[in-house]
Amino acid sequence: MMLRSLVLTFLVIFSINLAAVDYSTPMGRVKDTTDRVISILKNNSLDREERWEQIAALIYEGFDFRSMSQSVLATQWKRATEEERKKFTEFFSQYIEATYRSKIEAYRNQKIIYKDEVIKGNLVVVETVIMAGDIEIPVNYKLRNNEGSWYAYDVVVEGVSLVANYRSTFAAIVKNEGMDGLMSNIQRRIDRYKEESENNENAESLARNLWRCFDKARFRDALPLLSDDSVAVWPNT
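So, a few notes on the structure that sits alongside this text. (Residues numbered from 1 in each chain as written. Predicted model: local features only at pLDDT ≥ 70, side-chain atom pairs only at ≥ 80, totals over all residues. Heavy atoms only, no water.)

1. Some remarks on the overall build of the protein chain
Right, on to step 1. For the protein chain, the count of helices and strands is eight helices and five strands.
Right, on to step 2. Listed by position from the N terminus, the elements making up the protein chain come as α-α-α-α-α-α-β-β-β-β-β-α-α.
Right, on to step 3. Buried residues in the protein chain amount to 42% of all 237 residues.
Right, on to step 4. When contacts within the protein chain are restricted to residue pairs at least 6 apart in sequence, those whose partners lie at least 24 apart make up 53%.
Right, on to step 5. When the accessible surface of the protein chain is totalled, it reaches about 13,500 Å², and 48% of it is carbon and sulfur. (Helix = DSSP H or I, 4+ residues; strand = E, 2+ residues; numbered from the N terminus. Buried < 20%, exposed > 50% of the residue type's maximum accessible area, 1.4 Å probe, protein only. Contact = heavy atoms within 4.5 Å. Areas by Shrake-Rupley, 256 points an atom, 1.4 Å probe, with all protein chains shown as cover.)

2. Notes on the sheet that holds strand S4 (residues 149–157)
Right, on to step 1. In space, the five strands of this open sheet follow the order S1-S2-S3-S4-S5, with antiparallel pairing throughout. Each edge of the open sheet is held by one strand with a lone partner, namely strand S1 (111–120) and strand S5 (160–161).
Right, on to step 2. As paired strands, S4 and S5 are joined by two bridges and run antiparallel to one another. Bridge pairing links Val-156 to Ser-161 in S5. (Pairing = 2+ DSSP bridges.)

3. So, unusual backbone geometry
Right, on to step 1. Phi angles above zero are rare outside glycine, and Glu-147 is one such case at about 55 degrees.
Right, on to step 2. Here Glu-147 shows up in the loop between strand S3 (135–146) and S4.
Right, on to step 3. With phi around 50 degrees, Glu-158 is a residue other than glycine that occupies positive phi space.
Right, on to step 4. Mapped onto the secondary structure, Glu-158 falls in the loop between S4 and S5.

4. Regarding the nonpolar core
Right, on to step 1. Ranked by internal contacts, the top residues of the largest apolar core, which has 46 residues, are Phe-88, Phe-92, Phe-170 and Leu-182.
Right, on to step 2. In terms of residue count, the dominant contributor to this core is helix H7 (residues 162–213) (twelve residues).
Right, on to step 3. Discounting chain neighbours no more than four positions away, the residues touching Phe-88 are Ser-69, Val-72, Leu-73, Phe-170, Met-179, Leu-182, Met-183 and Ile-186. (Core = buried A, V, L, I, M, F, W, Y, C linked by side-chain atoms within 4.5 Å.)

5. What to know about helix H4 (residues 65–73)
Right, on to step 1. Taken as a whole, H4 has its buried residues at Phe-65, Ser-67, Met-68, Ser-69, Val-72 and Leu-73.
Right, on to step 2. Of the residues flanking the end of H4, it is Ala-74, one or two places downstream, whose phi is positive at about 55 degrees.

Here you go:
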């Protein structure tokens, strides 16, 4: 679970599309966008909502959600009406955003190693490794060239495709409940993630307010007396 959360952080980090960056090569896109999103995450002048508003507004520019949606639905895409395709693409993009929000906010200065890029016409695989301490997590980004810019249409983590994983999950729902059932299922997932995010934000706000009530200097002086092994992490106020 920890590794999955760590990887999901970088899926969103990659997705951001900002102006004046090197998109002439797929590797250049991955490197530049990663650096710029990390800069946003470290910008202490932004509060939690402001930071996420900037990220959320840009997520949609980095992923080719229509291609991803078509791949995820597979044969069901051909059977779906144009209205159903449009609605699923909208719901799926919202689901990705809601799913990744808590993951990107958990970023803790992990290191990324850029290894290679394999180009086949308009398609390319950018190979990277995320370093989490002594743990190496291979992450391959699949991109497509659309009118001179590169967009992600799949991410493969330790050999497991993001698109294939969702395809398997959603296919079972469509089989049992149809497209309407799938839409309802995704909406419930989105609502659940939003509720969890709001609860986390409320808990963090409460912790900050309580912390402001402490005599911080005396509390820090007293903490080592409680345990020789104590490691304190102080809230950002």
